[in-house]
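Summary of the model geometry
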Amino acid sequence: MQAADNTAFADDVRLSFVASLYQKRGTLFAGMIAHVVTTMAVYLRIDDPFYLYAGFALFIIWNGRNLDMMLFDKQDKTKFGLAETLHWEKRYVAGSLIAAFVLGTVCGHALVVAQDPFAELVTISVTLATMISVVGRNFGSRLNVDMIILAACLPILAGLVMARDPYMGLMAVLLLPLFLTTRSMANGVRDFLFNAVTAERKASEIAERFDTALNNMSHGLFMLDGDGRIEVANRKAREFFNVDPNIDLSGRILKAALRLSARNGVIARENFAQINEHLDRLINGQEDRSLVRLDKNSWLEFSARHRGEKGVVLIFEDVSARIQSEKRILHMARFDSLTELPNRSWFKDIVAAKIAKARPDQKLALAVLDIDDFKHVNDTMGHLSGDKLLSAIANRLRSLSRQKFVISRFGGDEFVLFLPDLEDLPDLNRTMDHVIDTLRGTYMIDGHKLFISLSGGASFAPAVHAQIEDLHIQADLALYEAKRRDKNRWTLFEESMDKQYSERQRMKSDLREAIRTNSMDLFYQPMFNPEGNRIAGAEALSRWNHPELGPISPADYIPLAEEMGIIGDLTRCVIEKAARECATWPGHLFVSVNLSALDLGDRAIVSVIANALDTTGLAPERLQLEITESGLMNDLESARVILTELRSMGMSIAIDDFGTGYSSLSYLDMLPLNKIKIDRSFVSDLAADTRKLKLLRGVVHLARELGLDVVVEGVETEAQLVLIRENNCADLIQGYIFGTPMPKGAFRELVAKLSKQHAVAPNELLLSSSVNSDR
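Residues numbered from 1 in each chain as written. Predicted model: local features only at pLDDT ≥ 70, side-chain atom pairs only at ≥ 80, totals over all residues. Heavy atoms only, no water.

Next up on the list: the pairing of strand 14 (residues 535-546). The element strand 14 is largely enclosed, with a buried count of eleven among its twelve residues. As defined by bridge partners, strand 13 (residues 521-528) adjoins strand 14 across eight bridges and the pair is classed as antiparallel. Note on strand 14: the bridge partner recorded for P526 is A538. Taking the residues that link successive antiparallel strands as the turn, the strand 13-strand 14 hairpin has six residues, and the phi of G532 there is positive, at about 80 degrees. As paired elements, strand 14 and strand 16 (residues 590-594) share three bridges and run parallel to each other. Counterpart to G537 in the pairing with strand 16 is F590. As paired elements, strand 14 and strand 15 (residues 550-552) share three bridges and run antiparallel to each other. Looking at the pairing, W544 lines up with I552 of strand 15. Counted between consecutive antiparallel strands, the loop separating strand 14 from strand 15 contains three residues. (Buried < 20%, exposed > 50% of the residue type's maximum accessible area, 1.4 Å probe, protein only. Helix = DSSP H or I, 4+ residues; strand = E, 2+ residues; numbered from the N terminus. Pairing = 2+ DSSP bridges.)

Working note: a packed helix pair is described by the angle between its axes plus the distance between those axes. In contact at an axis separation of 7 Å, helix 13 (residues 374-381) and helix 14 (residues 383-398) are set at 140 degrees when each is read in the N-to-C sense. Considering the angle they form, helix 13 stands oblique to helix 14. Here F374, V377, N378 and M381 of helix 13 come into contact with helix 14, specifically with H383, S385, G386, L389 and L390. The residue makeup of the contact of helix 13 with helix 14, split by class, is five nonpolar, four polar and no charged. (Axes fitted to C-alpha atoms, helices over the stretch in contact; angles between N-to-C directions. Parallel < 35°, antiparallel > 145°, perpendicular 65-115°, else oblique. Contact = heavy atoms within 4.5 Å. Nonpolar A, V, L, I, M, F, W, Y, C, P; charged D, E, K, R; others polar.)

A few words now on the nonpolar core. One finds L511, L646 and I676 to be the most contacted residues of the largest nonpolar core, which totals 79 residues. Take this core: its biggest share by element is eight residues, from helix 19 (residues 567-582). For L511, the residues in contact, after removing those within four places along its chain, are M520, W544, Y557, L560, A561, M564 and I566. In terms of nonpolar packing, the next biggest core, distinct from the first, is built from 31 residues, A367, V377, F405 and L428 among them. (Core = buried A, V, L, I, M, F, W, Y, C linked by side-chain atoms within 4.5 Å.)

On the basis of which strands lie adjacent, the open sheet formed by five strands has the order 7-8-6-11-12 and mixed pairing. Of all strands in the sheet, those bounded by a partner on one side alone are strand 7 (406-411) and strand 12 (490-492). Sheet twist, expressed as the average angle between the axes of neighbouring strands with direction ignored, equals 20 degrees. Here strand 6 (residues 363-371) pairs with strand 8 (residues 414-422) via seven bridges, running antiparallel. Note on strand 8: the bridge partner recorded for L369 is F415.

With that out of the way, let us pick up the side chain of E89. On the secondary structure map, E89 appears in helix 4 (residues 82-114). Owing to a relative accessible area of 6%, E89 belongs among the buried residues under this scheme. Apart from the residues within four sequence positions on either side, E89 is in contact with R14, V18, S141 and L143.

You will see that E340, though not glycine, has its phi angle at about 65 degrees, which is positive. Relative to the helices and strands, E340 is located in the loop between helix 11 (320-334) and helix 12 (344-357). Judged by relative accessible area, E340 falls into the partly exposed class, the value being 39%. A positive phi angle, close to 50 degrees, is found at N728, a residue other than glycine. With respect to the helices and strands, N728 occurs in the loop between helix 25 (718-726) and strand 21 (732-734).

Its location among the elements puts H109 in helix 4. Reaching out from H109, the side chain makes a polar contact with the side chain of Y51 at a distance of 3.2 Å. With residues near it in sequence (within four places) discarded, H109 still touches D48, F50, Y51 and A114. (Polar contact = N/O pair within 3.5 Å; in protein donor to acceptor, adjacent residues only side chain to side chain.)

Within the open sheet, the five strands sit side by side as 2-1-5-4-3. Their pairing is antiparallel. Only two strands of the sheet have a single neighbouring strand rather than two, namely strand 2 (230-233) and strand 3 (289-293). Each neighbouring strand pair of the sheet contributes to a mean axis angle of 20 degrees, computed without reference to strand direction. For strand 3 and strand 4 (residues 299-306), the ladder comprises five bridges, and the chain directions are antiparallel. Across the sheet, R289 pairs through a bridge with S303, a residue of strand 4. Relative to the sheet, helix 10 (residues 272-283) contacts strand 1 (220-224), strand 3, strand 4 and strand 5 (312-318), its axis offset from that of strand 3 by approximately 165 degrees.

The next subject is a positive patch on the surface. A cluster of like positive charges, contributed by K255, R259, R263 and R269, occupies part of the molecular surface. Here R263 shows up in helix 9 (residues 254-263). (Patch = residues over 30% accessible without salt bridge, like charges linked within 9 Å, V, L, I, M, F, W, Y side chains within 5 Å. Areas by Shrake-Rupley, 256 points an atom, 1.4 Å probe, with all protein chains shown as cover. Salt bridge = Lys/Arg side-chain N within 4 Å of Asp/Glu carboxyl O. Lys, Arg positive; Asp, Glu negative; His and termini not counted. Charge placed at Lys NZ, Arg CZ, Asp CG, Glu CD.)

Have a look at this one:
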């Protein structure tokens, strides 16, 4: 416990003690009356004017003290600091000190001067009684207690001693314990009250902090007693349930608060019974946590903290925003953001559940739909218009949902349908024909009319044996077959397609292994001067001789490598082999290698080529790189940056199949080209069609005006060669008329044979390289 005289106690506690001195003036008035009556009685008894003057003095002192108390009442106590409190304490002590000293002096006068038994008895009795009142009234100030006791006791003790009577001296000694006990009692009362006030203040502060914390919680709180009645309900709880702050919930059962909430519209009436059931389980200890739905959009999460027989504390929070966020996240995880159709993962879960519940005799089907030429829509109108088309098709698909389809978008322009309950195969035919007819037709996209057709593949199977992955693979195979048959149709999966699929998968595996082991071969098709008596270089063409299936056409395995994402590895193999082979040729020959679209989008091709040149020691100017227009369409800017860097390294760049794309002329200006290779379509029927000759001459003239060399491809007849020579339409000729693609040994023999016939000056021709789709 903290002592009352501890200077560290709070200023407001000390002020309350000092203020207690200025209160209960009735006791002060009663004391003044007793003092005046006593002095007047002694005066009348012994006729000593001293007592008359003492009575008047006590009356005047009382008036002065009373006026001082009235002045204290007028002070603004809220502005008091410690200095002001001590000032008013000293003023009070001064008044009580004077009054006590007058009383003590009256006693001393009776003992020494008057020596009258009556005077001695009444004055000492009244003075001692006044001292005892210190315990009840003047305990608030230690200084005041000490001053009153000293002022009253010292004159009495002096009088007893001055009487020179041993008995009087004994009385003086005996009075000392009384005075000390009185002082101790007053201080004890003050210390007790101080500790009580301090404890009450601390308890009040703790209660205030608890109340503040409780009412500023972000969570609502109900504290229930052992009978389930509300002991405490914080402000948040009232706000959650829209309970009027003026309504006292203490002592009410929790259901009463819920009824008020239902009456105010916070709780949906149809949810009231379910909410009560949840809360009863929490209160009874059956659950520690529960999610409670108030209405369509409002959720509270309750947690219970049990207090044994004392009851339970229910803490809850509004989790409506969290629930809505979780719903949105779940929706995002399950549905395609563009079309709002189930995505691949959610579709598989739905289908798996339906297959698991299917009847043993139930038949079902899975269909895959693909928009014909969707890439053309994206390329010509932009991806935003393509997205709008996908959304429009999805809306038409949703119109079929009344037939209990499960519809999904797997990505890109691929839609997947699950038909869970079909009667038979004719039922599937009718359904798929209806789907295709519904989706096929005209769509208005950004003010443009687009006629859209779709291709589809379907797999039909009994539910008892159905596996979604197998169905999807089979439907994909059927879709592939539909596209092979000119699109705009759907095809049912047949077992023969599975065999084709297996062979295709095997070919993929074998192709990957062939590229990994660098077992692909290279053939070289020579490029001649128009006279046909000198070889300038050769185009390197990859060839794959399968150990079991024999030679595989590049038209088959090149698209397969692109589909597998290993076309870059194939390019690397061709570049390394071609550079190594060219390094063994005469120095005036170049080799040409084709680059794919994937190569032109990845800067790694620069390192691949640089490493090949460093390893083989081939001069950069002897390597020519060929690109096609289709390879430029994905990312023209990236391709331009890569080609510019390769050109700066010394290699020459040629555009292959020139004239077959949409933007050939713009490419001539944008790209760092050295050559153009005119496509064979300009040469076929050249002798019979004068328009083609004029077109060929125009293209050649344009190329030469831009400083580009011209290579004409596909020259196969003497008539074509004569016209090209007469019109000076080629710097180099590549075609069957001079040579077909041949193994490296045959090409070396051809070079050696021509070298014997014609002496060719070194470094007369350039050497270049590229990767052709004809690899």
